[in-house]
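A look at the structure
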Amino acid sequence: MSSALTDLFPHPIVQAPMAGGVSVPQLAAAVSEAGGLGSLAAGYKTADGMYQEIKQLRGLTGRPFGVNLFMPQPEYAETGAVQVYAEQLAGESTWYETELGDPDSGRDDGYDAKIAVLLDDPVAVASFHFGVPSGDTIEALRRAGTLTLVTVTSAEEAVAVEQAGADAVIVQGMEAGGHQGTHKDIPENDGSAIGLLSLLGQVREAVGLPIVAAGGIMRGSQIAAVLAAGACAAQLGTAFLATPESGAHAVHKAALTNPLFVRTELTRAFSGRPARGLVNRFLREHGPYAPAAYPEVHHLTSPLRKAAAKAGDAQGMALWAGQGHRMARELPAGQLVEILVEELEEARAAAGFPAGEDGAS
């Protein structure tokens, strides 16, 4: 275990930073107050928007929390493929009575400005998705008192994170909802994502960094399993999606346990990058044709997704969800943390571990 990380929160539970308006300050505060680590998602926000949410969260809790940033993406050369996809979406534009978005709305997600804010007004934890921050950035955050975590989807990515000097890795299995945090988006690798337990073993043998496990975790018994496999904490996203504090749309929350949505799939349909969501009409019709173009496709489909949400049409929304979505519980976030801890302790006792310990060597 990493005492520097786990000393920040009594229970080994991290609320995943879910971008798109889900991980609001109220959710992060409730999780942190209950003894987990609450998280804000800076992705798709301006630097000032991120700062305002940090300020609001600090007004709700004095406990530590994390902030997640998206790494800037490399230039995408095949603009023709994006245009072809835009033409395919013309029917959606007509149906929802809205124009498509501008695919060239920006690639860096305001990264440098957000780093500047976090250095000026440090938080306990900064995590990164879609790549590895530079060693200089990691060191600057460390001097500011911030621990850095980076999402990985392979042992090779974990080695790169360790070499960059980060404090821990978030090991994301293929079961996870939302975007896979792969460092390089290689279309030929679609379908080759690794399950969490197998990936945990590979990463644990490859690096000496503390591990936060993510992907499909919905119960305390699953938290016990990843702790026994070598993680120091578990990160849960879909489990907190249905809570009243979550900023997810009511239609999205209801879809998690709606029998109409029987499975999830990794798709590029909404953003141009592999992301796991509930299979709906939009995903079925457009997923096979979406180019590997992030964030261009994200910007392109943004007005469509907003229009579908406004209309309450689940068939046109990006219903991000992990493979355990049917196990979602509509409980207040703080109560959910308490129940997860109870389930964790029961699983530990059943496995013969003293309370508060796991099976990792």
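Everything that follows concerns the structure shown earlier in this document.
Cut-off values and rules
Residues numbered from 1 in each chain as written. Predicted model: local features only at pLDDT ≥ 70, side-chain atom pairs only at ≥ 80, totals over all residues. Heavy atoms only, no water. Helix = DSSP H or I, 4+ residues; strand = E, 2+ residues; numbered from the N terminus. Rg over C-alpha atoms; globule rule 2.2 N^0.38 Å. Buried < 20%, exposed > 50% of the residue type's maximum accessible area, 1.4 Å probe, protein only. Contact = heavy atoms within 4.5 Å. Lys, Arg positive; Asp, Glu negative; His and termini not counted. Charge placed at Lys NZ, Arg CZ, Asp CG, Glu CD. Pairing = 2+ DSSP bridges. Phe/Tyr/Trp six-rings, centres within 6.5 Å; stacked < 30°, edge-to-face > 60°. Axes fitted to C-alpha atoms, helices over the stretch in contact; angles between N-to-C directions. Salt bridge = Lys/Arg side-chain N within 4 Å of Asp/Glu carboxyl O. Expected span 1.5 Å × (residues − 1). Bend = angle between axes of the 7 residues up to and from the residue.

1. Re the overall build of the protein chain
Across its full length, the protein chain carries 15 helices and 11 strands. Against the globule reference of 21 Å for 361 residues, the protein chain gives a C-alpha radius of gyration of 19 Å, in line with a compact fold. Taking the principal axes of the C-alpha coordinates as reference, the protein chain spans close to 60 × 45 × 40 Å. Of all 361 residues assigned to the protein chain, the portion counted as buried reaches 56%. Taking all contacts inside the protein chain whose residues are at least 6 apart in sequence as the whole, residues at least 24 apart take part in 69%. Across the protein chain, the mean location of the 24 positive side-chain charges is 4 Å away from that of the 41 negative side-chain charges.

2. Digging into the sheet that holds strand E10 (residues 264–267)
Strand order in the open sheet made by the three strands is E7-E11-E10, with antiparallel pairing throughout. At either margin of the open sheet sits one strand with a lone partner, and together these are strand E7 (178–179) and E10. Examined bridge by bridge, E7 and strand E11 (residues 275–278) share two bridges and lie antiparallel to one another. The residue of E11 that forms the bridge with Gly178 is Arg276.

3. Notes on the packing of aromatic side chains
The geometry of an aromatic ring pair comes down to the distance between the two centres and the angle between the two planes. This model, assessed by the stated rule, comprises six aromatic pairs. For the ring pair Phe270 and Phe282, a centre distance of 4.7 Å and an interplane angle of 20° mean the geometry is stacked. Of this pair, Phe270 sits in the loop between E10 and E11 while Phe282 sits in helix H13 (residues 281–286), and the two are 12 residues apart along the sequence. Judged by its relative accessible area of 0%, Phe282 falls in the buried class.

4. A look at the sheet that holds strand E5 (residues 147–152)
The strand order E1-E9-E8-E6-E5-E4-E3-E2 describes an open sheet built from eight strands, whose pairing is parallel. Pairing within the sheet leaves two strands with one partner each, and these edge strands are strand E1 (13–15) and strand E2 (38–41). If you compare each strand with its neighbour and ignore which way they point, the axes differ by 25° on average. The pairing of E5 with strand E6 (residues 168–172) spans four bridges and is parallel. Bridging from a neighbouring strand, Leu149 pairs with Ala168 of E6. Sitting on the sheet, helix H8 (residues 155–164) is in contact with E5 and E6, with an inclination near 160° to E5. Against the sheet, helix H10 (residues 220–228) contacts E1, strand E8 (211–214) and strand E9 (233–236), and its axis sits at roughly 135° relative to E9.

5. Let's talk about the environment of Asp136
Inspection of the secondary structure puts Asp136 in helix H7 (residues 135–143). Judged by relative accessible area, which is 65%, Asp136 ranks as exposed. For the pair Asp136 and Gly165, spaced 29 residues apart in the sequence, the C-alpha separation amounts to 9.2 Å.

6. Quick notes on the pattern of salt bridges
Inspection of the entire model under this criterion finds 15 salt bridges. Here Lys114 and Asp109 are joined by a salt bridge, their closest N and O atoms 3.0 Å apart. Taken together, the shared-partner salt bridges connect Glu139, Arg142, Arg143 and Asp167 into one network.

7. A short note on helix H14 (residues 296–310)
An α-helix turns once every 3.6 residues. As a result, residues three or four positions apart point the same way. Compared with the 21 Å implied by 1.5 Å per residue over 15 residues, the 22 Å span of H14 between its first and last C-alpha is a close match. Approximately 40° is the largest bend angle found in H14, and it occurs at Ser302, with the proline Pro303 only one to four residues beyond. In terms of burial, H14 is largely enclosed, as 12 of its 15 residues are buried. Buried residues of H14: Glu296, Val297, His298, His299, Leu300, Thr301, Ser302, Leu304, Arg305, Ala307, Ala308 and Ala309, and no others. Positioned one or two residues after H14, Gly312 has a phi angle of 70°, which is positive.

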